[in-house]
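# Report on the structure
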Amino acid sequence: MKVVNLKQAILQAWKERWSDYQWAINMKKFFPKGATWDILNLAEALLEQAMIGPSPNPLILSYLKYAISSQMVSYSSVLTAISKFDDFSRDLCVQALLDIMDMFCDRLSCHGKAEECIGLCRALLSALHWLLRCTAASAERLREGLEAGAPAPAAGEKQLAMCLLRLEKTLSSTKNRALLHIAKLEEASSWTAIEHSLLKLGEILASLSNPQLRSQAEQCGTLIRSIPTMLAVHSEQLHKTGYPTVHAVVLLEGTMNLTGETQPLVEQLMMVKRMQHIPTPLFVLEIWKACFVGLIESPEGTEELKWTAFTFLKIPQVLVKLKKYCHGDKDFTEDVSCAFEFLLKLTPLLDKADQRCNCDCTKFLLQECSKQGLLSEASVTNLMAKRAADREHAPQLKSGENANIQPNPGLILRAEPTVTNILKTMDADHSKSPEGLLGVLGHMLSGKSLDLLLAAAAATGKLKSFARKFINLNEFTTHGNEELAKAASVRALLFDISFLMLCHVAQTYGSEVILSESSTGAQVPFFETWMQTCMPEEGKILNPDHPCFWPDSTKVESLVALLNNSSEMKLVQMKWHEACLSISAAILEILNAWENGVLAFESIQKITDNIKGKVCSLAVCAVAWLVAHVRMLGLDEREKSLQMIRQLAGPLYSENTLQFYNERVVIMSSILEHMCADVLQQTATQIKFPSTGVDTMPYWNLLPPKRPIKEVLTDIFAKVLEKGWVDSRSIHIFDTLLHMGGVYWFCNNLIKELLKETRKEHTLRAVELLYSIFCLDMQQVTLVLLGHILPGLLTDSSKWHSLMDPPGTALAKLAVWCALSSYSSHKGQASSRQKKRHREDIEDYISLFPLDDMQPSKLMRLLSSNEEDANILSSPTDRSMSSSLSASQLHTVNMRDPLNRVLANLFLLISSILGSRTAGPHTQFVQWFMEECVDCLEQGSRGSILQFMPFTTVSELVKVSAMSSPKVVLAITDLSLSLGRQVAAKAIAAL
């Protein structure tokens with residue numbers, strides 16, 4: 001008989017009662033070649049025929065079971081066919097379908113093309129929907145039966161229990177949930193239908209009395225609801241109490257970047273919290289601990305005020321922003337309260353801070369947190385009472401020396417509203433009441449008011465506008481038209497105070513705070529011009545012959561005459577900015593005259609007294625040029641220049657000075673001390689600056705003399721590692737070493753130290769500390785680490801031994817942390833701390849990692865040189881495009897960015913190591929690297945570093961036993977892309 005179609009063939013088999021294997025043999029004769037059984041819809045045709053009557057046809061069902069067991073039909077076609085059956089009133093048919101599902105629902109697999117694997121995901125989603133509908137129908141019938149008072153509900157319960165059992169069996173497999181996760185992303189509408197069915201089922205089951213069935217259904221519901229978030233679950237570290245990375249990041253920010261915006265700090269802290277899985281209360285506690293340690297160890301003076309402003313003004317703002325990242329408001333306030341409970345147990349730390357600040361620091365902090373809505377009133381009262389009880393037993397200072405000192409936290413908190421008021425005052429028209437304005441500024445200069453106000457402004461992000469107002473004021477005072485003597489002296493004072501304040505701000509907080517956003521065509525204010533071209537700063541070498549020091553010669557001559565001939569400086573109609581620009585040339589004339597014997601030392605004294613007698617800013621400009629000049633002189637030529645600096649540095653003891661002279665001299669000496677520090681060290685000269693009683697440059701010149709910097713680096717790292725945390729002084733030493741040795745030297749030597757460690761707990765601590773040290777310039781360090789150091793270790797077999805566990809695991813962790821931090825922040829701006837650093841050209845990343853696949857990159861040549869099968873690796877040209885295609889290319893990521901190039905090449909290298917025939921510690925390292933990526937990543941986030949991984953790496957990775965889990969596959973593929981979902985489905989279906 002010639003069979004025309006599938007249906008006829010099935011009917012003939014039934015009529016002639018063929019056995020299952022006979023049926024299979026004959027089917028293959030009827031349909032010899034071409035289309036597969038799935039294309040012919042064999043599974044659907046068999047089910048259709050088997051389910052015609054009230055009960056299923058056992059013979060035709062046996063054919064289907066045989067087809068499933070012998071893999072004639074795919075699992076996806078069977079699931080799709082089952083999900084089309086919707087007459088749930090036929091109990092026996094439903095039971096038969098459930099039995100068929102039982103055959104394979106917990107061991108689904110597919111080894112075909114990616115499209116077939118995606119088909120399996122979709123079929124499983126349809127089958128899940130069908131199971132939910134089937135369960136709901138059974139539950140509905142059971143409920144109706146009970147309501148009608150049916151005598152034997154046992155049969156109905158049995159049917160419902162069978163449905164729930166299959167649901168549980170299907171969902172308890174992680175692999176199935178992973179396939180459903182992909183299907184949900186493929187078909188959002190079908191997932192919505194599943195959620196509706198789940199709600200409906202819940203409503204029906206709520207009215208049933210059988211607790212066992214209800215709890216089983218709840219369990220299934222929980223599993224279904226967990227599918228969309230199955231990758232977001234991370235266990236938090238509860239076995240640790242100290243987190244040196246958080247501690248160091250906070251210390252680094254408080255010590256070096258008070259003016260920085262809060263958002264980058266918040267993002268960096270959240271990144272550390274995520275990467276290290278830190279519970280929120282311990283995370284907040286670590287931030288407070290770092291603040292208290294910073295307060296206790298900060299050097300007296302400006303640094304102490306900066307730390308106070310950071311702790312009491314900036315950190316509460318940071319926590320307000322952290323609140324948005326962490327879960328709901330209520331939970332976060334509980335976490336903050338819990339953190340304070342922990343903090344109160346650290347009595348010695350709090351007592352020491354209280355002693356240093358001469359007040360109850362915790363009370364001030366609690367009040368600030370309460371103001372920001374971070375703590376409830378009840379919590380604040382309770383915590384304050386606890387701390388007050390503790391303070392009763394605190395060691396008190398016996399002498400009354402601190403009784404009259406006002407505590408800094410209180411002063412800083414009061415200074416903050418004052419900053420706002422001063423900004424408003426500065427907005428007024430300066431020409432209307434210059435005397436009133438002078439009164440305000442004079443008040444700012446007294447005692448430590450200026451440093452308090454600046455610290456408060458810096459911590460609240462107002463310092464830039466503060467500086468801008470003073471630049472505008474300074475600009476306003478450069479011209480005096482037809483003025484009287486009194487107005488002239490007010491103008492001179494306004495010019496001088498604004499100039500000194502701006503110099504002080506630039507030296508204390510960095511010159512970038514002063515610079516305006518460059519707008520084309522706008523005239524650059526005098527102070528900005530002077531600061532950029534004439535002001536000595538650390539790491540900035542000035543040329544004393546630069547044109548900026550040589551203005552119009554007639555102005556210089558008149559200034560020299562004025563300084564030499566008159567008994568004191570004239571003020572009326574004086575153009576102070578011109579005098580400041582001419583003073584350098586005038587000083588050279590005077591120096592030459594002195595060296596040639598034309599002027600005697602008495603005349604020089606008179607001239608320097610004239611320079612510093614009325615306005616201190618002239619002395620600052622003169623010393624700025626002298627510092628540049630002294631650098632260029634020989635040893636025997638320096639004496640007179642240094643003597644002149646000495647003359648200008650001391651105050652003038654005279655009755656005839658202008659208002660606020662002593663206050664201005666204090667700021668001037670601090671400015672001159674900063675300016676001269678480098679040159680005095682180089683010329684081994686000492687100049688006594690009028691002392692204010694505190695060290696104005698606490699972190700300067702920290703390196704021990706006559707010791708190689710590599711020794712200093714290894715030494716300081718060993719000390720930090722032993723102690724377990726980084727202190728402010730060490731941070732400054734690391735920063736100096738990074739400046740001196742350069743990024744590659746710094747990073748390479750610290751990585752060598754890490755690889756020497758052999759104890760697991762030491763390597764882990766080293767990673768936490770190294771990450772925080774690398775935060776000094778994370779972007780550049782990451783480029784060196786991922787672009788040079790790691791490829792060097794992975795491609796040189798003589799170095800593979802150093803990648804063994806534990807240092808290898810630690811290095812993998814560090815590399816991932818650095819990569820994630822740099823990648824998440826490099827779209828933003830570099831912090832001011834990092835902009836300041838002189839960029840060395842590590843290597844031209846374009847030649848190291850070429851842009852197009854036509855040039856073989858240096859990295860690929862490196863790879864091919866020690867790989868037997870060179871043609872796999874030799875260059876991207878020899879590889880098929882598909883082998884290096886990654887999600888980043890589909891997202892059209894800018895590959896001209898050095899970090900993107902380095903990441904892309906590192907993942908190419910990883911891919912080639914996984915595909916190569918040689919296994920060793922480097923292969924193990926790659927596995928650790930990928931495990932850390934999976935562990936740290938925010939799941940489902942498009943644009944993570946794993947987007948640079950070639951799609952082909954996924955199939956190589958699942959061959960590594962530790963990585964062959966569905967969750968890992970979902971984590972490492974970009975599921976926002978259709979191709980990513982296909983790759984994931986193929987890898988999971990084959991597990």
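What counts and how
- In every chain, residue numbers begin from 1 and rise along the written sequence.
- Reporting in this predicted model follows two pLDDT cut-offs: at least 70 for local features of residues, and 80 or more for side-chain atom pairs to be given and counted; totals over whole chains, interfaces and linings ignore these cut-offs and use all residues.
- Processing note: side-chain calculations cover all non-hydrogen atoms of the structure and skip hydrogens and water entirely.
- Here a strand is any run of E in DSSP of at least two residues, a helix any run of H or I of at least four, and the numbering for each starts at the N terminus.
- Throughout, exposure labels follow a simple rule: accessible area from a 1.4 Å probe, protein chains only, divided by the maximum for the residue type, with under 20% read as buried, over 50% as exposed, and the rest as partly exposed.
- We call two residues in contact when some of their heavy atoms are within 4.5 Å.
- Per-residue accessibility takes into account occlusion by the displayed protein chains alone, with areas from the Shrake-Rupley method and a 1.4 Å probe.
- Fitting a line to C-alpha atoms yields each axis, with helices limited to the stretch in contact; the angle taken between N-to-C directions then spans 0 to 180 degrees.
- Roughly parallel covers angles under 35 degrees, roughly antiparallel covers those over 145, roughly perpendicular covers 65 to 115, and oblique covers all other angles.
- Handedness of a crossing is defined here by the sense of rotation of the near helix relative to the far one, left-handed for an anticlockwise turn of less than a right angle and right-handed for a clockwise turn.
- Polarity classes work like this: nonpolar for Ala, Val, Leu, Ile, Met, Phe, Trp, Tyr, Cys and Pro, charged for Asp, Glu, Lys and Arg, and polar for all others, with Gly in that last group.
- Any carboxyl oxygen of Asp or Glu within 4 Å of a side-chain nitrogen of Lys or Arg constitutes a salt bridge here.
- Pairing of N or O atoms within 3.5 Å defines a polar contact, subject to two protein rules: one partner must be a possible hydrogen donor and the other a possible acceptor, and residues neighboring in sequence count only if both atoms are side-chain atoms.
- Definition used in this section: a nonpolar core is a set of buried Ala, Val, Leu, Ile, Met, Phe, Trp, Tyr and Cys residues joined via side-chain atoms within 4.5 Å.
- In this analysis, rings of Phe, Tyr and Trp, with Trp reduced to its six-membered ring, are considered paired at centre separations within 6.5 Å, and the interplanar angle assigns stacked below 30 degrees, edge-to-face beyond 60, and tilted for intermediate values.
- Criterion for a charge above a ring: Lys NZ or Arg CZ within 6 Å of the ring centre, and within 35 degrees of the ring normal.
- pLDDT expresses, on a scale from 0 to 100, how confident the predictor is about each individual residue.

### Details of the overall build of the protein chain
When helices and strands are tallied, the protein chain shows 48 helices and 0 strands. The burial tally for the protein chain puts 55% of its 991 residues in the buried class. A fraction of 78% describes how many contacts in the protein chain between residues 6 or more apart in sequence connect residues 24 or more apart. About 42700 Å² of surface is accessible on the protein chain, with carbon and sulfur atoms providing 53% of the total.

### Here we look at the packing of helix H37 (residues 807-825) against helix H45 (residues 921-936)
As a packed pair, H37 and H45 sit with axes 8 Å apart at the nearest point and diverge in direction by 45°. Here H37 is positioned oblique relative to H45, judged by the angle of their axes. Both H37 and H45 take part in a crossing whose hand is right-handed. Here H37 contributes Gly808, Thr809, Leu811, Ala812, Lys813, Ala815, Val816, Trp817 and Leu820 to the contact with H45, which in turn contributes Phe925, Trp928, Phe929, Glu932, Cys933 and Cys936. A per-class count over the contact of H37 with H45 returns 11 nonpolar, 2 polar and 2 charged.

### Focus on the side chain of Thr763
Structurally, the position occupied by Thr763 is in helix H35 (residues 760-774). Among all residues touching Thr763, those that are not within four sequence positions of it are Leu754, Glu757, Pro806, Pro807 and Ala810.

### Let's talk about the packing of helix H32 (residues 709-723) against helix H34 (residues 743-756)
In contact at an axis separation of 11 Å, H32 and H34 are set at 50° when each is read in the N-to-C sense. Viewed along their axes, H32 and H34 adopt a mutual orientation that is oblique. In the crossing of H32 with H34, the sense of the turn from one axis to the other is right-handed. Facing Ile709, Lys710, Leu713, Thr714 and Phe717 of H32, the residues of H34 in contact are Trp745, Phe746, Asn749, Leu750 and Glu753.

### Let's talk about unusual backbone geometry
Here the amide bond leading from Asp805 into Pro806 is cis, since omega sits at 5°, within 30 degrees of zero. With respect to the element layout, Pro806 can be found in the loop between helix H36 (778-795) and H37. A positive phi angle, near 50°, is found at His277, a position not held by glycine. Secondary-structure assignment places His277 in the loop between helix H13 (262-275) and helix H14 (280-297). For His277, a relative accessible area of 10% puts it in the buried group.

### Overview of the pattern of salt bridges
Within the structure shown, the criterion is met by 31 salt bridges. The residue Glu140 makes a salt bridge to Arg143 at a minimum N-O spacing of 3.1 Å. Placement of the pair is Glu140 and Arg143 together in helix H7 (residues 114-147), with a separation of 3 residues, close to one helical turn. The class of Arg143 is partly exposed, set by a relative accessible area of 22%. Among the charged side chains, a network of salt bridges with common partners joins Asp351, Asp354, Asp360, Arg387 and Arg391.

### Topic: the side chain of Lys273
In this structure, Lys273 sits in helix H13. At 3.2 Å, the side chain of Lys273 forms a polar contact with the side chain of Thr280.

### Some points on the nonpolar core
Membership of the largest hydrophobic core comes to 345 residues, with the highest contact counts inside it found for Trp23, Trp530, Phe774 and Met930. The biggest single contributor to this core is H7, with 17 residues. Here Trp530 is in contact with Phe499, Cys503, Met535, Leu581, Val620, Cys621, Ala624 and Met675, once residues within four sequence places are set aside.

### Let's talk about helix H18 (residues 361-371)
With respect to burial, H18 is a largely interior element, 8 of its 11 residues being buried. Along H18, the positions that sit buried rather than exposed are Cys361, Thr362, Phe364, Leu365, Leu366, Glu368, Cys369 and Ser370. For H18, the N-terminal capping position is held by Asp360, with its side-chain oxygen 3.3 Å away from the main-chain nitrogen of Thr362. Immediately downstream of H18, the backbone of Gly373 shows phi near 75°, a positive value.

### Describing the packing of aromatic side chains
Taken as a whole and assessed by the stated rule, the structure comprises 18 aromatic pairs. Seen in terms of ring centroids, Phe734 and Phe746 are 6.3 Å apart; in terms of plane orientation they differ by 80°. Their pairing is edge-to-face. In this pair, Phe734 sits in helix H33 (residues 728-741) while Phe746 sits in helix H34, placing the two residues 12 residues apart along the sequence. Here Phe734 and Phe746 have matching classes, each one buried. For the pair Tyr823 and Phe948, a centre-to-centre distance of 5.7 Å together with 85° between the ring planes defines the contact as edge-to-face. Here Tyr823 is found in helix H37, whereas its partner Phe948 is found in the loop between H45 and helix H46 (952-957), with 125 residues between them in sequence. Classification of Tyr823 by relative accessible area gives buried; the value is 6%. For Phe948, a relative accessible area of 1% corresponds to the buried category. Among the aromatic residues, those joined into a ring-pair cluster are Phe495, Phe499, Phe526, Phe527, Trp530 and Trp576. Positioned above the aromatic ring of Trp594, the side-chain terminus of Lys640 is 5.4 Å from the ring centre.

### Concerning the confidence of the model for the protein chain
Averaged over all residues, the pLDDT of the protein chain is 81; the fraction at 70 or higher stands at 86%. When mean pLDDT is taken per element in the protein chain, H34 scores highest with 93 and helix H41 (residues 870-873) scores lowest with 35. Per-residue pLDDT stays below 50 along residues 828-846; that stretch engages in 40 contacts with residues further than four places along the chain or on separate chains. Low pLDDT, under 50, characterises residues 850-881; the stretch is placed with 57 contacts to residues that sit more than four places away or in other chains.

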